[in-house]
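Spelled out, the chains give:
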Amino acid sequence: FCKPAFVHSVRAARRPGVGCDLAPLPCHGKNGNGGCHGNSLSNSGIIVLPIPSTRRELLDSTQTSYRELVDELDAAGPRAGRLLCVDDWTVKDLLAVRAWWTDSVMDWVAAGQRGDRPIVPAPGCRWSETPRLNATIVRISKRESYRSVRKRLQTGYERISPTVESLNVRQLLKTGVYPWAGRFP
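Residues numbered from 1 in each chain as written. Predicted model: local features only at pLDDT ≥ 70, side-chain atom pairs only at ≥ 80, totals over all residues. Heavy atoms only, no water.

Asker: Residue-level account of the nonpolar core, with values.
Answerer: Counting residues in each nonpolar core, the largest one holds 37 residues, and the members touching the most others are Leu 95 and Tyr 178. Contributions of two or more residues to this core are made by α2 (55–76), β3 (84–86), α3 (91–114), α4 (130–141) and α5 (146–166). With near-sequence residues (within four places) excluded, Leu 95 lies in contact with Leu 69, Leu 73, Tyr 146, Val 149, Arg 150 and Leu 153. (Core = buried A, V, L, I, M, F, W, Y, C linked by side-chain atoms within 4.5 Å. Buried < 20%, exposed > 50% of the residue type's maximum accessible area, 1.4 Å probe, protein only. Helix = DSSP H or I, 4+ residues; strand = E, 2+ residues; numbered from the N terminus. Contact = heavy atoms within 4.5 Å.)

Shown next, in the form of structure tokens:
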């Protein structure tokens, strides 16, 4: 549950001036254009998670990665939430941040489908301030049980497939569909 892709995204999200890696789930294999869909290192040594290029790739990678995460968390038992994962974050802290981002992205997409423009990443927060936002999420989740955080993660995960299925190809894969998303699909 503290695999390199997760660890990288936490470290990136905690460094000032570095945006949060919102792609929590790695892809595997090759796309139809011969492009690699495995994790790779950039020139800076940072793990780069490729963006799936089809609906099926996105759903498959999400389902596989989530199932692997749940299996690892279940095998670790109820005390896993207290284990240190990255720097001073526990597994529970990491899951709380992931649950918040998953819910937020699903909410942003729903707002975009309604024609609304959500406030991203959060009211009073710029993208360059995601480390502060993530720290706030962790602080707030301290009062929450590990079980509750896992339930929120599960609930967010259950929103992903129906949301992905509801989007047309343009909404799912093209940039510029939602003005608030900037250069990201």
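Asker: Tell me about the packing of aromatic side chains, and please be specific about residues and values.
Answerer: Counted under the stated rule, the structure contains 7 aromatic pairs. With 3.9 Å between their ring centres and 10° between their planes, Tyr 66 and Tyr 157 make a pair best called stacked. Taken together, the residues span a long stretch of sequence, with Tyr 66 in helix α2 and Tyr 157 in helix α5 at a distance of 91 residues. Residues Tyr 66 and Tyr 157 agree in their burial class; the two are buried. Taken together, a centroid distance of 5.0 Å and an interplanar angle of 85° make the contact between Trp 100 and Trp 101 edge-to-face. Overall, the relative accessible area of 22% leaves Trp 100 in the partly exposed class. These aromatic residues form a ring-pair network of at least three members: Trp 100, Trp 101, Trp 108, Trp 127, Tyr 178 and Trp 180. (Phe/Tyr/Trp six-rings, centres within 6.5 Å; stacked < 30°, edge-to-face > 60°.)

Asker: Which residues make up the packing of α3 against α4, and what are the values?
Answerer: Two elements in contact, α3 and α4, have axes whose closest approach is 9 Å; the angle formed by their N-to-C orientations is 115°. Comparing the axis directions of α3 and α4 gives the class roughly perpendicular. Considering how the two elements wind past one another, α3 and α4 form a crossing that is right-handed. Contact residues: α3 offers Lys 92, Asp 93, Ala 96, Val 97, Trp 100 and Trp 101, while α4 offers Thr 130, Leu 133, Asn 134, Ile 137, Val 138 and Ser 141. (Axes fitted to C-alpha atoms, helices over the stretch in contact; angles between N-to-C directions. Parallel < 35°, antiparallel > 145°, perpendicular 65-115°, else oblique. Left-handed = near helix turned anticlockwise from the far one by under 90°.)

Asker: Can you lay out the environment of Arg 55 for me, pointing to particular residues and giving the numbers?
Answerer: Checked against the element boundaries, Arg 55 lands in helix α2. A C-alpha to C-alpha distance of 7.8 Å links Arg 55 and Glu 165, two positions 110 residues apart in sequence. In this structure Arg 55 touches Val 164, Glu 165, Leu 167, Asn 168, Val 169 and Leu 172, once residues within four positions along its chain are discounted. Among the polar contacts listed, one links the side chain of Arg 55 to the backbone oxygen of Leu 167, at a separation of 2.8 Å. (Polar contact = N/O pair within 3.5 Å; in protein donor to acceptor, adjacent residues only side chain to side chain.)

Asker: Please give an account of the environment of Gly 124 that cites residues and values.
Answerer: Within the secondary structure, Gly 124 sits in the loop between α3 and α4. Those residues in contact with Gly 124, other than ones at most four positions away along the chain, are Glu 129 and Arg 132.

Asker: Describe the confidence of the model for the protein, naming the residues involved and giving the relevant values.
Answerer: With 73% of its residues at a pLDDT of at least 70, the protein reaches an overall mean of 79. Every residue in residues 4–43 is under pLDDT 50, and counting partners more than four places away or in other chains gives 94 contacts. (pLDDT = per-residue confidence, 0-100.)

Asker: I'd like a rundown of the pattern of salt bridges, residues and numbers included.
Answerer: Taken as a whole and assessed by the stated rule, the structure comprises 9 salt bridges. Put simply, Arg 56 and Asp 60 hold a salt bridge, and the shortest N to O gap is 2.9 Å. With Arg 56 and Asp 60 both in helix α2 and 4 residues apart, the pair spans about one turn of that helix. One salt bridge in this structure joins Asp 103 and Arg 159, with 3.6 Å as the shortest N-O distance. (Salt bridge = Lys/Arg side-chain N within 4 Å of Asp/Glu carboxyl O.)

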